[in-house]
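Listed here are the chains, written in short residue letters.
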Amino acid sequence: MKCVAMPFLFPLSVLYIITDLGDCQIRWMAFNSCIFRSMGFSTLFDKDVRCATKEMFKSLYKMTTRKCINCDEYFHCQGNYNAVFNCDQNLRSRQTAVAISDCWQSLRGETNRRANRYGRRGGNCARKYLCAVNCKYNPSHETCSLLNC
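Worth saying up front: this structure is predicted, and the values here are computed from it rather than measured.

Rules used in this analysis
- As a convention, each chain's residues are numbered from 1 in the sequence order in which they are written.
- Only residues with pLDDT of at least 70 get local features here, since the model is predicted, and only at 80 or more are side-chain atom pairs given and counted; chain-wide, interface and lining totals rely on the full set of residues.
- To obtain the side-chain values, all non-hydrogen atoms of the structure were included, while hydrogens and water were left out.
- Aromatic rings from Phe, Tyr and Trp, with only the six-membered ring used for Trp, were paired whenever their centres fell within 6.5 Å, and each pair was classed as stacked if the ring planes differed by under 30 degrees, edge-to-face if by over 60, and tilted otherwise.
- A run of DSSP states H or I qualifies as a helix once it reaches four residues; a run of E qualifies as a strand once it reaches two. Both are numbered from the N-terminal end.
- A simple rule labels every residue: compare its accessible area, found with a 1.4 Å probe on the protein chains alone, to the largest value its type can have, and call it buried under 20%, exposed over 50%, or partly exposed in between.
- Any Lys NZ or Arg CZ found within 6 Å of a ring centre and within 35 degrees of that ring's normal is scored as a charge over the ring.
- Every axis in this analysis is a line fitted to C-alpha atoms, fitted for helices over the stretch in contact. Angles between the N-to-C directions lie between 0 and 180 degrees.
- For classification, angles of less than 35 degrees are called roughly parallel, those exceeding 145 degrees roughly antiparallel, those between 65 and 115 degrees roughly perpendicular, and all remaining angles oblique.
- The crossing is said to be left-handed when, going from far helix to near helix, the turn is anticlockwise and less than a right angle, and right-handed when the turn is clockwise.
- We call two residues contacting when some pair of their heavy atoms lies within 4.5 Å.
- Any residue outside Ala, Val, Leu, Ile, Met, Phe, Trp, Tyr, Cys, Pro, Asp, Glu, Lys and Arg is labelled polar, Gly included; the first ten of those are nonpolar and the last four are charged.
- Within this scheme, the nonpolar core is defined by two criteria: the residues are buried Ala, Val, Leu, Ile, Met, Phe, Trp, Tyr or Cys, and they are joined through side-chain atoms within 4.5 Å.
- Pairs of cysteine sulfur atoms within 2.5 Å are what we label disulfides.

Caption draft 1: Representation of the packing of aromatic side chains. The final tally for this structure, using the stated rule, is five aromatic pairs. Ring centres 5.9 Å apart and planes at 40° place the aromatic pair tyrosine 74 and tyrosine 137 in the tilted group. Of the two residues, tyrosine 74 sits in helix H3 (residues 72-85) while tyrosine 137 sits in strand E3 (residues 137-138), which places them 63 residues apart along the sequence. For the pair tyrosine 74 and tyrosine 137, one class covers both residues: buried. Through pairs of rings, three or more aromatic residues link up here, namely Tyr74, Phe75 and Tyr137. For the cation-ring pair, lysine 128 lies above tyrosine 118, with the distance from its terminal atom to the ring centre recorded as 4.7 Å.

In structure tokens form, the structure reads like this:
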């Protein structure tokens, strides 16, 4: 079953278009529930939380739709980097990135904690997680091709 979702910030991450219902819908509802348990409802109105959420979801969406082999760590790293460094580099942005990363991983059983931390700390995600690990994604063109490395 294919699960692809695109978040619309209303005002945070509550509404989704889901291409296949059933198990996917349950997982996305559980994901939202996890975020609200971690962050609390009042954070819906915090501009830094909204900004970090938008940055994280852009990266997670690209990861789930581009289907580039060996690239999950890059997308996790880059999403965390963007959530912190494109959103005022403050505590709320970091907390949001941590909450979203933890909820995503708990639901999907992924262990990309090292890449998440590396991005939040300002590491160079492209250098560490693209061609060096055989990921053929090109962030400039948003393509996945053997010609990218």
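Caption draft 2: Spotlight on the packing of helix H2 (residues 47-66) against H3. At a closest axis distance of 8 Å, the pairing of H2 and H3 adopts a crossing angle of 165°. With respect to H3, the element H2 is oriented roughly antiparallel. Remark: the crossing between H2 and H3 carries right-handed chirality. For the pair H2 and H3, the contacting residues are Ala52, Glu55, Met56, Ser59, Leu60, Lys62 and Met63 in the first and Asp72, Phe75, His76, Gln78, Gly79, Asn80, Asn82 and Ala83 in the second. Split into classes, the residues belonging to the contact of H2 with H3 amount to six nonpolar, six polar and three charged.

Caption draft 3: Local environment of the nonpolar core. Phe31, Ile35, Tyr74, Ile100 and Tyr137 are the most contacted members of the largest nonpolar core, which has 27 residues in total. Counting residues per element, the ones that place at least two in this core are helix H1 (23-39), H2, H3, helix H4 (91-108) and helix H6 (125-129). In terms of residues, this core owes the most to one element, H2, which gives six residues. Discounting residues that sit within four places of it in the chain, isoleucine 100 has contacts with Phe31, Ile35, Thr53, Met56, Phe57 and Leu60.

Caption draft 4: Region of interest: the state of the cysteines. Applying the stated criterion across every chain, the model contains six disulfides. Between cysteine 34 and cysteine 103 runs a disulfide, and the two sulfur atoms are separated by 2.1 Å. The chirality of the disulfide connecting cysteine 34 with cysteine 103 is left-handed, given an S-S dihedral of about -80°. Note that cysteine 34 is positioned in helix H1 and cysteine 103 in helix H4, a separation of 69 residues in sequence.

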